[in-house]
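Remarks on the overall topology
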Amino acid sequence: MTYVDATFAPLRKTGQIKIHGAAAFDGIRKAGALAAECLDMLAAEIRPGVSTDRIDRLAYGFGMDHKALPATLMYRGYRKATCTSVNHVVCHGIPSEKPLREGDIVNVDVTLILDGWHGDSSRMYAIGEIPRRAERLIEVTYEAMMRGIAAIRPGATTGDIGHAIQSFVEAQHMTVVRDFCGHGVGRLFHDEPNIVHAGRPGEGIVLKPGMFFTVEPMINLGRPHVKVLSDGWTAVTRDRSLSAQFEHSVGVTESGVEIFTLSPRGFTRPPYPV
Ligand code: MF3
Ligand code: CO
Ligand code: CO
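Residues numbered from 1 in each chain as written. Chains lettered and ligands numbered in written order. Predicted model: local features only at pLDDT ≥ 70, side-chain atom pairs only at ≥ 80, totals over all residues. Heavy atoms only, no water.

Here the focus is the coordination of the cobalt ion (ligand 2). Metal coordination angles in their ideal form are 109.5 degrees for the four-donor tetrahedron and 90 or 180 degrees for the six-donor octahedron. Looking at the cobalt ion (ligand 2), one finds its protein donor set to be D120 (OD), H183 (NE2), E216 (OE) and E247 (OE), positioned 2.0 to 2.3 Å from the metal centre. For the cobalt ion (ligand 2), the six donor atoms in the first shell make angles of 52 to 158° at the metal, a pattern classed as irregular. Mapping the donors of the cobalt ion (ligand 2) onto the primary sequence gives the spacing D-x62-H-x32-E-x30-E. In this structure the cobalt ion (ligand 3) is found 3.3 Å away from the cobalt ion (ligand 2), and D120 serves as a bridging donor for the pair. Of this pair, E216 sits in the loop between strand 11 (212-215) and strand 12 (218-220) while E247 is found in the loop between strand 15 (243-245) and strand 16 (248-252), placing the two residues 31 residues apart along the sequence. With relative accessibility at 8%, the residue E216 sits in the buried group. (Donors = N, O, S within 2.8 Å, 3.2 Å for Na, K, Ca; no water. Tetrahedral: all angles 85-135°; square planar, octahedral: opposite > 155°, others 65-115°. Helix = DSSP H or I, 4+ residues; strand = E, 2+ residues; numbered from the N terminus. Buried < 20%, exposed > 50% of the residue type's maximum accessible area, 1.4 Å probe, protein only.)

Here it is as structure tokens:
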């Protein structure tokens, strides 16, 4: 694997992993904080009876109010500002008029482009009282993401991240989705490298200061297999078991890792104190 100074790289996938400098950290830090602020704002709005389309419009309005463009709008034919993935939807759920119901769980994934930089983050939200197994799934998924992030430092590998996630999740008798992965992020939405959420220590590429990518594990209560519905986007568990996901955008620093999408209000996982 070769690396390129992101300042001089063309604005496309080049097969090289981009290494970002201090100005890039400033740029993505602002975009990440804005995406996180958007997810904070949504916490007070997500409750029984609210449609995922309403959530999407709120996120769109938030972007507009802050001079930020939702990256998913018109991305490969996608027409919404967010992905809203309910219950057995693994990812890429399309916002709709259908109201959320007591007991549902939903992931809202927002990517805001601010000043050319992408802040990509998602969180789970609980609709009223949810079943104990849904609570456990959300807790394990959040912890899995944070364990993956904790494995990041210069010299560690992408396999170390995947192993940290997979070993923890499987010890809880839950499964890691393989069909979707984290990705390089920055001035591009989806760049090299792929961050696979399962793996073995020492495998994959070696992490270097200045790399930006997402960690976004999708965890299922049942089997790991997914299928994409005929709308071309919505990915669901084949066995219809519940699925959860959290996502942070991060950067490798000289000493470890910086999370760009931490909640300004300190929100981590539900229940959110709103
Ligand atoms: N935000 C998603 C991610 O984490 C990508 C969604 S692409 C879309 O990478 F087109 F489905 F919106
Ligand atoms: Co992402
Ligand atoms: Co995302």
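Aromatic ring pairs: the centre-centre distance and the angle between the two ring planes describe each pair. A full pass over the atoms with the stated rule returns nine aromatic pairs. Considering the side-chain rings of Y78 and W233, the 5.0 Å spacing of their centres and the 80° angle between planes classify their relative orientation as edge-to-face. Taken together, the positions of Y78 in the loop between strand 3 (69-70) and strand 4 (82-86) and W233 in the loop between strand 13 (226-228) and strand 14 (235-237) put the pair 155 residues apart, joining distant regions of the chain. Judged by centre distance (5.2 Å) and plane angle (75°), the rings of F212 and F260 are edge-to-face. Placement of F212 in strand 11 and of F260 in the segment after strand 17 (257-259) is noted, with a sequence separation of 48 residues between them. Accessibility expressed as a relative area gives 3% for F260, which makes it buried. An aromatic cluster of at least three residues, connected via ring pairs, comprises F25, W117, F212 and F260. (Phe/Tyr/Trp six-rings, centres within 6.5 Å; stacked < 30°, edge-to-face > 60°.)

Moving on, we come to the pattern of salt bridges. In the structure shown here, the tally under the stated rule is 13 salt bridges. The salt bridge involving R57 is made with D53; its shortest N-O contact spans 4.0 Å. Here R57 pairs with D53, and both are found in helix 2 (residues 52-65), just four residues apart, close to one helical turn. The exposure class assigned to D53 is buried, which follows from its relative accessible area of 9%. Across the salt bridge formed by E135 and R132, the nearest N and O atoms sit 3.0 Å from each other. Here E135 and its partner R132 are both found in helix 3 (residues 132-150), three residues apart, which amounts to about one turn of the helix. Judged by its relative accessible area of 57%, R132 is exposed. Ionic contacts of the salt-bridge type, sharing partners, join the residues D53, R57, K80 and E97 into one network. (Salt bridge = Lys/Arg side-chain N within 4 Å of Asp/Glu carboxyl O.)

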